[in-house]
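Structural overview for review
One letter stands for each residue in the lines below.
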Amino acid sequence: TLFNANPALRIPQDIPAEDLKVNAKTGGVENVFVWMAKRPASVHPDSIKPLPDPISFGQKGARFIPHALVRTGQTVAIGNADPVASNVHTYPLKNQPASLLIGPGVMGAQAKELKLTVAESLPIKVTCDFQSWKSAYWLVVDHPYATKTNSEGDFVIPNLPPGEHAFNVWHERKGFLHRKMLIRVEAGKVTKVDFEPVSLVQP
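Computed from a predicted structure; not experimentally measured.

Structural notes on the pattern of salt bridges
Following the criterion strictly, the structure yields four salt bridges and no others. A salt bridge links Glu30 to Lys21; its shortest N-O distance comes to 3.7 Å. Among the residues examined, Glu30 registers a relative accessible area of 17% and is labelled buried. Across the salt bridge formed by Lys189 and Glu186, the nearest N and O atoms sit 3.2 Å from each other.

Re the sheet that holds strand β5 (residues 63-65)
A sheet is described by the order of its strands in space; here four strands give the open sequence β5-β4-β7-β10, paired in mixed fashion. The outermost strands of the open sheet, each flanked by one partner alone, are β5 and β10 (112-114). Strand-to-strand twist of the sheet, defined as the mean angle between neighbouring strand axes without regard to direction, takes the value 25 degrees. The pairing of strand β4 (residues 55-60) with β5 spans three bridges and is classified as antiparallel. Counterpart to Gly58 in the pairing with β5 is Ile65.

Concerning the sheet that holds strand β6 (residues 68-71)
The strand order across the open sheet built from five strands is β6-β12-β11-β8-β9, with neighbouring strands paired in mixed fashion. Of all strands in the sheet, those bounded by a partner on one side alone are β6 and β9 (99-102). Strand-to-strand, the axes of this sheet are offset by a mean angle of 25 degrees, without reference to chain direction. Across four bridges, the pairing between strand β8 (residues 86-91) and β9 is antiparallel. Paired with Asn87 across the two strands is Leu101, which belongs to β9.

Some thoughts on the environment of Arg179
The residue Arg179 is located in strand β15 (residues 175-185) in this model. Owing to a relative accessible area of 59%, Arg179 belongs among the exposed residues under this scheme. For the pair Arg179 and Phe167, spaced twelve residues apart in the sequence, the C-alpha separation amounts to 7.0 Å. Those residues in contact with Arg179 that lie beyond four places of it in its chain are Phe167 and Asn168.

A few points about the packing of aromatic side chains
Summed over all chains, the structure comprises five aromatic pairs. Aromatic pair Phe57 and Phe64: ring centres 5.1 Å apart, planes at 40 degrees, arrangement tilted. The pair Phe57 / Phe64 is uniform in exposure class, with both members buried. With a centroid separation of 5.1 Å and an interplanar angle of 85 degrees, the aromatic rings of Phe57 and Trp138 are classed as edge-to-face. Placement of Phe57 in strand β4 and of Trp138 in strand β12 (residues 135-140) is noted, with a sequence separation of 81 residues between them.

Focus: the nonpolar core
Counting residues in hydrophobic clusters, the biggest one holds 18 residues, and the most contacted among them are Phe57, Ile78 and Trp138. Elements represented by at least two residues in this core include exactly β7 (76-80), β9, β11 (124-127) and β12. Sorting elements by how many residues they give to this core places β12 first, with three residues. Those residues within four positions of Ile78 in sequence are excluded, and the remaining contacts are Phe57, Val88, Leu100, Ile102, Ala111, Lys112, Leu114 and Trp138. Within the second largest apolar cluster, twelve residues are counted, among which are Val29, Met36, Val43 and Leu177.

Some thoughts on the layout of surface pockets
Within this model, the second largest pocket holds a volume of roughly 520 Å³. Forming the walls of the second largest pocket are 23 residues, and the residues nearest its centre are Ser47, Leu51, Thr72, His143 and Pro144. Residue assignment for the lining of the second largest pocket shows that the elements contributing at least two residues are β6 and β13 (146-148). In the lining of the second largest pocket, the residues fall into eleven nonpolar, seven polar and five charged.

Criteria and thresholds
Residues numbered from 1 in each chain as written. Predicted model: local features only at pLDDT ≥ 70, side-chain atom pairs only at ≥ 80, totals over all residues. Heavy atoms only, no water. Salt bridge = Lys/Arg side-chain N within 4 Å of Asp/Glu carboxyl O. Buried < 20%, exposed > 50% of the residue type's maximum accessible area, 1.4 Å probe, protein only. Pairing = 2+ DSSP bridges. Helix = DSSP H or I, 4+ residues; strand = E, 2+ residues; numbered from the N terminus. Axes fitted to C-alpha atoms, helices over the stretch in contact; angles between N-to-C directions. Contact = heavy atoms within 4.5 Å. Phe/Tyr/Trp six-rings, centres within 6.5 Å; stacked < 30°, edge-to-face > 60°. Core = buried A, V, L, I, M, F, W, Y, C linked by side-chain atoms within 4.5 Å. 1 Å grid on protein atoms, 1.4 Å probe; cavity = no way out; pocket = protein on both sides within 12 Å on 5 of 7 lines; lining within 4 Å. Points joined across faces, edges and corners; volume = space filled by probe spheres on them. Nonpolar A, V, L, I, M, F, W, Y, C, P; charged D, E, K, R; others polar.

Here it is, written out as structure tokens:
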């Protein structure tokens, strides 16, 4: 899908939809969220270290960047590298919704900050009320055992505690691909996980 270029909005070229990105070589799907369904009783000391704060999100080239964001406690700093105003509208289930106007060229120290204080049960949608094709998803969790797949469809979650844990696997096209998938982690070993094939093509 291509969203048509619009000179009035200073969009120089058509913008491809980002709701399904498949690697032509590996067949892997990007931006699949994978996270531990419930915060474990103990967290590895190396995973308690403070993460970069704030975490950046914004508009560039009439697109939200990044399209998929994992937040584990950081403030979200929202900027806009484009020459036209943007809007960031969040649709959480547990946090307060937000609708922020981001002026053109708002970057760095001028970025607007947004805090989400409660973990969400699934990724939340983020849209722009001015440019309807723009969307993104944020996963808001209260522990470090969450990630998203990369451009090759791979993911790594380090420092998992030993034992059997339930994980959620979610993609915006389908919703839950796997709900509470049980994975056994052994101390000192790498646990490899292959998802069962799931069709993400909309009928």
